[in-house]
Amino acid sequence: MKFTYSNPTALYFGQGKIAAIAKAIDPAKKVLVIYGGGSIKANGVYDQVAAALDGRQWLEFSGVEPNPTVETLDKAVALIRKEGVDFILAVGGGSVIDGSKYVAAAACYDGDGWDILTGRHRVSQALPLGAVLTLPATGSESNGGAVITRKTTKEKLVFSSDAVFPRFAVLDPDVIKSLPERQIANGIVDAFVHVCEQYLTYPAKAWVQDGYAEVLLRNLANLATQFKERDSDSWRANFMWTANQALNGLIGAGVPQDWATHMIGHELTARYGLDHARTLAIVLPSLLRNQIENKRVKLAQMGRNVFGLIPGLDLSERAIASIEDLFRSLDVPVRLSEAGINDPEAADAISAALRTHGMEKLGERGAVTLEVVRDILVGAA
Ligand code: NZQ
Ligand code: ZN
């Protein structure tokens, strides 16, 4: 086990914590508040942010869409340059926070911002940013990753850099009150798959990472089982904290990681516009069945320690079935056809897109080749 672990994002967690941004941002900064389609105006979050920024120099940029696009975000970059903004406050879900990370990095780069996604430009400098999270799911509020779409070419790519870790994030579980059920279910699935990507690989004898991953998975399974209690303070707080911890770097430190489900999922969103979490619920069970021999030991461990299954020869198969049942219990489709995608070209198109993006050998062992991706998607039809 060898790793460097640093998570520099300060977290303000709990009811009423949005007010903390008043002290978290240097009063001398000119702030750009970036948000999405307006849910924050309807649920009172915008008003709380405005109250906390009272007396400061600040302006706003709205309209960042789910699966944020460079086409929209580049307008925020232009605004920053024109107005001399020197701090970004992202108020929203993963899309707004990811979009703000791109804006923070692109504002410090003279070339075409898309270079950040293709890897032509490596981000080492970005404007400082903070986040007010409104949707627990991605972990973007305290990690250095972002996923950005280019509408014109239907591409969705990832970049990551230490420079775009938010300086702070506010996690007030009360924001969940206004979330549509579909987004809550998506959030549970996304966080669950984040843990799987870092845990369901091969045994690495990493007791801390495995044990903590199992706690997070059990929490997420319990949140799904107790979905009817989602209006309680404790349900909301545990959901928000668990989703955050699922992708803040800790459980992935020094262990093999997979991420094939995510890379295939991003291509599915780019091509069909499917919600991020829904692509994962479709791909993961099929990928696990395809890769079962490579993952048998960890699947069995998950079956025992997360789902409490009785040991037996088919324990790994039953663990996969339990994962699929969990997604189904949340009303999230687990087949392309259930999500309304009946495209006979899907498997070929997605593997071709992965080839274009240089992802020809995915997974912790590089075993998920383009041929395997095709089989996984045929299995997920
Ligand atoms: O646009 P607004 O009005 O804010 O509405 C949003 C949006 O329509 C709404 N919403 C958010 N908070 C709400 C709310 N509605 C009512 N009440 C609230 N409190 O929910 C809708 C979806 O929001 P979005 O931000 O798109 O969802 P999510 O947080 O699931 O983010 C998904 C994006 O994050 C990327 C995904 O690929 C996708 O683009 N990811 C980012 C990761 C990262 N940075 O580490 C990792 C993930 O694996 C993921 O890939
Ligand atoms: Zn995800």
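Nothing here was measured: the structure is a model prediction, and the numbers come from that model.

## A look at the pairing of strand β3 (residues 58-61)
Piece 1. A one-sided burial pattern is seen for β3, the buried positions being Leu 59 and Phe 61 and the unburied ones Trp 58 and Glu 60.
Piece 2. Pairing geometry for strand β2 (residues 31-35) and β3, over 4 bridges, is parallel. The partner of Leu 32 across the bridge, within β3, is Leu 59.

## Comments concerning the side chain of His 121
Piece 1. Within the secondary structure layout, His 121 lies in the loop between α6 (115-118) and β5 (129-133).
Piece 2. Residues in contact with His 121, not counting those within four places in the same chain, are Tyr 109, Asp 115 and Ile 116.

## Re the side chain of Ser 142
Piece 1. For Ser 142, the position within the fold is in the loop between β5 and β6 (145-150).
Piece 2. Reaching out from Ser 142, the side chain makes a polar contact with the side chain of Asn 244 at a distance of 3.0 Å.
Piece 3. Beyond its immediate stretch of four places on either side in the chain, Ser 142 contacts Asn 7, Thr 9, Leu 11, Phe 165, Pro 166, Asn 244 and Asn 248.

## Things to note about the coordination of the zinc ion (ligand 2)
Piece 1. Looking at the zinc ion (ligand 2), the protein donor atoms are Asp 190 (OD), His 194 (NE2), His 262 (NE2) and His 276 (NE2), and they sit 2.0 to 2.2 Å from it.
Piece 2. His 262 gets classed as buried once you look at its relative accessible area, which sits at 5%.

## Points about the site of ligand 1
Piece 1. Lining the immediate surroundings of ligand 1 are 32 residues, of which Gly 37, Gly 94, Ser 95, Asp 98 and Lys 156 lie closest.
Piece 2. With respect to ligand 1, the side chain of Lys 156 contributes an N or O atom lying 2.7 Å from an oxygen atom.
Piece 3. If ligand 1 stood free it would expose 960 Å²; the protein chains cover 89% of that surface.
Piece 4. Taken together, the residues of the shell around ligand 1 sort by class into 9 nonpolar, 20 polar and 3 charged.
Piece 5. Two domains each put at least three residues into the shell around ligand 1: domain 1 (10-175) and domain 2 (181-379).

## Notes on the packing of helix α11 (residues 276-290) against helix α12 (residues 292-305)
Piece 1. Put simply, α11 and α12 touch, their axes get as near as 7 Å, and they point 105 degrees apart. One way to sum up the angle between α11 and α12 is to call them roughly perpendicular. Within the contact between the two elements, α11 uses Leu 287, Leu 288, Arg 289 and Asn 290 and α12 uses Ile 292, Lys 295 and Leu 299.

## Notes on empty space enclosed by the protein
Piece 1. This model, assessed by the stated rule, comprises 2 cavities of 30 Å³ or more.
Piece 2. The volume enclosed by the largest cavity comes to roughly 60 Å³.
Piece 3. As for the largest cavity, its lining consists of Gln 198, Tyr 199, Thr 201, Tyr 202, Ala 204, Gln 209, Asp 210, Ala 213, Ile 251, Val 255, Pro 256 and Lys 298.
Piece 4. When contributions to the lining of the largest cavity are tallied by element, the ones reaching two or more residues are α7 (181-199) and α8 (207-225).

## As for unusual backbone geometry
Piece 1. The phi angle at Asn 67 is positive, at roughly 60 degrees, despite the residue not being glycine.
Piece 2. With respect to the element layout, Asn 67 can be found in the loop between β3 and α4 (70-83).
Piece 3. On the accessibility criterion, Asn 67 (21% relative accessible area) is partly exposed.
Piece 4. Its identity is not glycine, yet Asp 331 carries a phi of approximately 70 degrees, on the positive side.
Piece 5. On the secondary structure map, Asp 331 appears in the loop between α13 (315-329) and α14 (346-356).

Rules of the game
- Residues numbered from 1 in each chain as written.
- Chains lettered and ligands numbered in written order.
- Predicted model: local features only at pLDDT ≥ 70, side-chain atom pairs only at ≥ 80, totals over all residues.
- Heavy atoms only, no water.
- Buried < 20%, exposed > 50% of the residue type's maximum accessible area, 1.4 Å probe, protein only.
- Helix = DSSP H or I, 4+ residues; strand = E, 2+ residues; numbered from the N terminus.
- Pairing = 2+ DSSP bridges.
- Contact = heavy atoms within 4.5 Å.
- Polar contact = N/O pair within 3.5 Å; in protein donor to acceptor, adjacent residues only side chain to side chain.
- Donors = N, O, S within 2.8 Å, 3.2 Å for Na, K, Ca; no water.
- Near = heavy atom within 4 Å.
- Areas by Shrake-Rupley, 256 points an atom, 1.4 Å probe, with all protein chains shown as cover.
- Nonpolar A, V, L, I, M, F, W, Y, C, P; charged D, E, K, R; others polar.
- Domains from an automatic or database assignment.
- Axes fitted to C-alpha atoms, helices over the stretch in contact; angles between N-to-C directions.
- Parallel < 35°, antiparallel > 145°, perpendicular 65-115°, else oblique.
- 1 Å grid on protein atoms, 1.4 Å probe; cavity = no way out; pocket = protein on both sides within 12 Å on 5 of 7 lines; lining within 4 Å.
- Points joined across faces, edges and corners; volume = space filled by probe spheres on them.

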